[in-house]
Amino acid sequence: MNITADNYLVEESDTRFIKGYFREGPNGPLAFFPTKEKRRLAILRRLITRFDTERTYTEKEVNGILAETFHDYAILRRNLVEYGFLDRYADGSCYWVKY
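Residues numbered from 1 in each chain as written. Predicted model: local features only at pLDDT ≥ 70, side-chain atom pairs only at ≥ 80, totals over all residues. Heavy atoms only, no water.

Peer 1: Just checking my understanding: could you explain the overall build of the protein for this structure?
Peer 2: In terms of regular secondary structure, the protein is built from four helices and three strands. Listed by position from the N terminus, the elements making up the protein come as α-α-β-α-α-β-β. With 99 residues in all, the protein has 40% of them scored as buried. Looking at the protein alone, contacts between residues at least 24 apart form 54% of all its contacts between residues at least 6 apart. (Helix = DSSP H or I, 4+ residues; strand = E, 2+ residues; numbered from the N terminus. Buried < 20%, exposed > 50% of the residue type's maximum accessible area, 1.4 Å probe, protein only. Contact = heavy atoms within 4.5 Å.)

Right, dumping it as structure tokens:
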């Protein structure tokens, strides 16, 4: 599934999801990762804002940012890539925000 740049914008309906999943505020840790796609996308739209659009990241750096958010950082990383928020080289050596 490809997400267009317009989908990176936080939708108004995302706000209620954000409050329920980021109980310490939108920059805090994630309580749990939802299974429903609409809610998952709201979370991913929020998470992508933690990355600088002007730089590239190693997998270790991506994992470090996401590990501060949620214990299962690998599922977050996979979803960010699968939904087109992050892109990477095939070998996983370099990640960047895909706008």
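Now that the structure has been shown, the text picks up again.
Peer 1: What exactly am I supposed to notice about a positive patch on the surface here?
Peer 2: Together, Arg 16, Lys 36, Lys 38 and Arg 39 make up a positively charged patch on the protein surface. Tracing the backbone through its elements, the reader meets Arg 16 in helix H1 (residues 14–21). (Patch = residues over 30% accessible without salt bridge, like charges linked within 9 Å, V, L, I, M, F, W, Y side chains within 5 Å. Areas by Shrake-Rupley, 256 points an atom, 1.4 Å probe, with all protein chains shown as cover. Salt bridge = Lys/Arg side-chain N within 4 Å of Asp/Glu carboxyl O. Lys, Arg positive; Asp, Glu negative; His and termini not counted. Charge placed at Lys NZ, Arg CZ, Asp CG, Glu CD.)

Peer 1: Before we go on, may I ask you to explain the pattern of salt bridges in this structure?
Peer 2: For side chains bearing opposite charge, pairing can occur when the charged atoms are close. Scanning the entire structure with this criterion turns up one salt bridge. Where Glu 61 meets Arg 55, a salt bridge forms, and the shortest distance between an N and an O atom there is 3.0 Å. Judged by relative accessible area, which is 34%, Glu 61 ranks as partly exposed. A relative accessible area of 33% places Arg 55 in the partly exposed class.

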